[in-house]
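# Chain and residue survey
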Amino acid sequence: MMENNSLTRYSEITEKNRREIVLLRGSGCKWRRCTFCDYHLDFSLDEDSNFALNQEILKQVTGKYQKLEVINSGSFVDLDAKTVSLILDTCIEKKITELHFECHWAHRDAVSALRRTFETHGIQVKLKIGVETFDSQYREQVLHKGIDETSPAKIAACFDEVCLLFGLDGQTEDSMRYDVETGLANFERVCINIMVENTTSVRPNPSVIDVFIKKLYPLYKADERVDILLDNTDFGVG
Ligand code: SF4
């Protein structure tokens, strides 16, 4: 568990698919093996403490866009039951009709029940999966992502949105373009994260980032279906 008092946990995304976003705290990612990731360190095994924190964050939600994104440095299954229930109550009270969660591949079987829980109340659930790249060999051998499926369509079957990670050694203009186009062909929306320095040994590759900024960013920056986070706090949380 990291010292996380300094994290910003509520924000608004005011461009493209405008929505409020909250960074809640759960019991922690159960995979935790992605080589580039250290944000799974934001967790606590103390459910009461998580709920108390999440309650304060959810109080800030206004429903102004009727859309809410909930992230928790892991998957929705890591949130305690009282928090999930409060998310539902908040959506009902604030007339939120679209709710986004994130989920690792390993928990895909839990997605249908989550959708049903919210859809009963007229709230559409959108699930985002971090795939990072559709080059499955790179994804599994280098990034250790834990997705034992190579077909983009099969990965997309349970999910609505995909996260990609660019700025890594070995990535090229063609590989990144292929990833974005594959994401757009199989998912409703694509979220591109650019690798930043963190506490892992994976380092951003400045020349790959430069290629992205010069060649691909201009192509996709106005695309309503593509979010691009040049810095991982660009959504205002984290
Ligand atoms: S699944 Fe997500 S939270 Fe877990 S280690 Fe991988 S990137 Fe980090």
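Everything numeric here is computed off the predicted structure, so don't read it as measured data. (Residues numbered from 1 in each chain as written. Predicted model: local features only at pLDDT ≥ 70, side-chain atom pairs only at ≥ 80, totals over all residues.)

## Comments concerning the overall build of the protein chain
Tallying secondary structure elements over the protein chain gives seven helices and eight strands in all. Taken over the C-alpha trace, the protein chain has a radius of gyration of 17 Å; the compact-globule value for 238 residues is 18 Å, and the two agree within 12%. Each principal axis of the C-alpha atoms in the protein chain carries an extent, and together these give about 45 × 35 × 30 Å. For the protein chain, with 238 residues in total, the buried portion stands at 38%. A sequence separation of at least 24 residues applies to 80% of the contacts in the protein chain between residues at least 6 apart. (Helix = DSSP H or I, 4+ residues; strand = E, 2+ residues; numbered from the N terminus. Rg over C-alpha atoms; globule rule 2.2 N^0.38 Å. Buried ≥ 20, exposed ≤ 12 C-beta atoms within 10 Å, placed from the backbone. Contact = placed C-beta atoms within 7 Å.)

## Remarks on the site of the ligand
Taken together, Cys 29, Trp 31, Arg 32, Cys 34, Cys 37, His 40, Ser 73, Gly 74, His 104 and Gly 130 form the complete shell of residues around the ligand. Across the shell around the ligand, the residue classes break down as four nonpolar, five polar and one charged. (Near = placed C-beta within 6 Å. Nonpolar A, V, L, I, M, F, W, Y, C, P; charged D, E, K, R; others polar.)

## Comments concerning the sheet that holds strand β8 (residues 226-229)
Hydrogen bonds between backbone atoms are what pair the strands of a sheet, whose relative direction is either parallel or antiparallel. As summarised here, the arrangement of the eight strands in space is β1-β2-β3-β4-β5-β6-β7-β8, forming an open sheet in which the pairing is mixed. Looking at the sheet topology across the chains shown, the edges are occupied by β1 (10-13) and β8. Within this sheet the neighbouring strands show an average axis-to-axis angle of 20°, counted without direction. Sheet topology note: the strand β7 (residues 189-194)/β8 ladder contains four bridges and is parallel. (Pairing = 2+ DSSP bridges. Axes fitted to C-alpha atoms, helices over the stretch in contact; angles between N-to-C directions.)

## Side note on the nonpolar core
Judged by nonpolar contacts, the single largest core of 51 residues is most densely connected at Val 70, Leu 99, Leu 164, Phe 166, Val 190 and Ile 192. When near neighbours in sequence (up to four residues on either side) are disregarded, Ile 192 contacts Leu 164, Phe 166, Val 180, Val 226, Asp 227, Ile 228 and Leu 229. (Core = buried A, V, L, I, M, F, W, Y, C linked by C-beta atoms within 7 Å.)

## With respect to the packing of helix α1 (residues 47-58) against helix α2 (residues 81-93)
Where α1 meets α2, the closest approach of the two axes is 10 Å, and the angle between their N-to-C directions is 15°. Put simply, α1 runs roughly parallel to α2. Seen from above, α1 lies across α2 with right-handed handedness. Along its contact with α1, which presents Asn 50, Phe 51, Asn 54, Gln 55 and Leu 58, the element α2 presents Lys 82, Thr 83, Leu 86, Ile 87 and Thr 90. Looking at side-chain class alone, the contact of α1 with α2 contains four nonpolar, five polar and one charged residues. (Parallel < 35°, antiparallel > 145°, perpendicular 65-115°, else oblique. Left-handed = near helix turned anticlockwise from the far one by under 90°.)

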